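As a plain string of letters, each chain reads:
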Amino acid sequence: MIVVMGIVGSGKGTQGKWLAEDHKLVYVSTGDILREHASQEQQERMAAGGLLDDKEIIAMVDAVMKELPNVNASLFDGFPRSLAQTEWLLDQVKAGRLTMPVFLHLNVSKDEVKKRLLLRGRNDDTPEAIEKRFELYDAVTDPIFDYLKSNNVPVYDINAAQTPDEVHQSIIDCLNAIKE
Ligand code: AMP
């Protein structure tokens, strides 16, 4: 399993889909699944830039994982996004459900992604929702990196301020270096 993490607008979706195609991995985006299946109340929370409850997300990911022919041959975009979700995922590793995922962090400044998001124009790309997502990223998602490091799980930083082609190449170089 490859896990692609990064602030909103860092290119997780673009890079995740591309990489999944290259490596014949099943692409799983919790955001995509939610945009299709979430309840009215959940959609509203998403549009405002909020996060959904860990319990709901974990149950959803658990169900998705049960459907995957090979959990190790998957790429997750947008999960985990909190410490509780990360703990759950590492518990699944401990239980032997999958091998330790490769965690990629697409690293880019907030100023750069603001420009990108206002161009993208999804319904949760309003200035207010973007600020909310930045705040939640710092408060809820960013602590995951220290948590992983303190558990001796490597996180690979990718410079995501480059062009999409360059970011893709950086990821490939990184994955090749891990294999060696
Ligand atoms: P994304 O497409 O990854 O940017 O996700 C869009 C929205 O879906 C997020 O802003 C959250 O509201 C919700 N969402 C997606 N994945 C998660 C997750 N792992 N935990 C909580 N909320 C999530």
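Now for a description of the structure that goes with this document.

What counts as what
- Residues numbered from 1 in each chain as written.
- Predicted model: local features only at pLDDT ≥ 70, side-chain atom pairs only at ≥ 80, totals over all residues.
- Heavy atoms only, no water.
- Helix = DSSP H or I, 4+ residues; strand = E, 2+ residues; numbered from the N terminus.
- Pairing = 2+ DSSP bridges.
- Axes fitted to C-alpha atoms, helices over the stretch in contact; angles between N-to-C directions.
- Contact = heavy atoms within 4.5 Å.
- Near = heavy atom within 4 Å.
- Polar contact = N/O pair within 3.5 Å; in protein donor to acceptor, adjacent residues only side chain to side chain.
- Areas by Shrake-Rupley, 256 points an atom, 1.4 Å probe, with all protein chains shown as cover.
- Nonpolar A, V, L, I, M, F, W, Y, C, P; charged D, E, K, R; others polar.
- Phe/Tyr/Trp six-rings, centres within 6.5 Å; stacked < 30°, edge-to-face > 60°.
- Buried < 20%, exposed > 50% of the residue type's maximum accessible area, 1.4 Å probe, protein only.
- Lys NZ or Arg CZ within 6 Å of the ring centre and 35° of its normal.
- Parallel < 35°, antiparallel > 145°, perpendicular 65-115°, else oblique.
- Left-handed = near helix turned anticlockwise from the far one by under 90°.

## Brief notes about unusual backbone geometry
Argument step 1. In this model, F79 is joined to P80 through a cis peptide bond whose omega is 0°.
Argument step 2. Following the sequence through the fold, P80 ends up in the loop between β3 (74-77) and α5 (83-94).
Argument step 3. Residues other than glycine seldom take positive phi values, yet K24 does so here, at roughly 55°.
Argument step 4. Here K24 shows up in the loop between α1 (12-22) and β2 (26-29).
Argument step 5. Backbone geometry at N152 places phi at a positive 60°, although glycine is not the residue there.
Argument step 6. When you line up the elements, N152 lands in the loop between α8 (143-150) and β5 (155-159).

## Observations concerning the sheet that holds β2
Argument step 1. Sheet architecture is open: five strands sit in the order β2-β3-β1-β4-β5, paired in parallel fashion. Each edge of the open sheet is held by one strand with a lone partner, namely β2 and β5. Here the average twist between neighbouring strands, direction ignored, is 25°.
Argument step 2. Taken together, the three bridges between strand β1 (residues 2-6) and β3 define a ladder with parallel strand orientation. Note that in β3 the partner of V4 across the bridge is D77.
Argument step 3. Relative to the sheet, α8 contacts β1, β4 (102-107) and β5, its axis offset from that of β5 by approximately 135°.

## Regarding the site of the ligand
Argument step 1. Surveying the vicinity of the ligand reveals 15 residues, the closest of which are T30, R35, G50, G78 and Q85.
Argument step 2. With respect to the ligand, the backbone of L52 contributes an N or O atom lying 3.2 Å from a nitrogen atom.
Argument step 3. Between an oxygen atom of the ligand and a side-chain N or O atom of R122, the distance comes to 3.4 Å.
Argument step 4. Summarising the interface, the protein chains cover 97% of the accessible area of the ligand, which totals 480 Å² for the free molecule.
Argument step 5. The biggest single contributor to the shell around the ligand is helix α2 (residues 30-37), with four residues.
Argument step 6. Among the residues making up the shell around the ligand, the classes are represented as six nonpolar, five polar and four charged.

## Here's the deal with the packing of aromatic side chains
Argument step 1. Considering all chains together, one arrives at two aromatic pairs under this definition.
Argument step 2. Ring plane angle 80° and centroid distance 6.1 Å describe the contact between F79 and W88, whose orientation is recorded as edge-to-face. For the pair F79 and W88, a shared accessibility class is recorded, and that class is buried.
Argument step 3. Taking the ring centre of F134 as reference, the NZ or CZ of K110 above it sits at 5.8 Å.

## Remarks on the packing of helix α6 (residues 110-120) against helix α7 (residues 127-141)
Argument step 1. Close contact between α6 and α7 brings their axes to 11 Å; oriented N to C, the two are set at 140°. On the basis of their axis angle, the class for α6 and α7 is oblique. Remark: the crossing between α6 and α7 carries right-handed chirality. In this structure, α6 contributes K110, V113, K114, L117, L118 and R120 to the contact, and α7 contributes P127, I130, E131, R133, F134 and D138.

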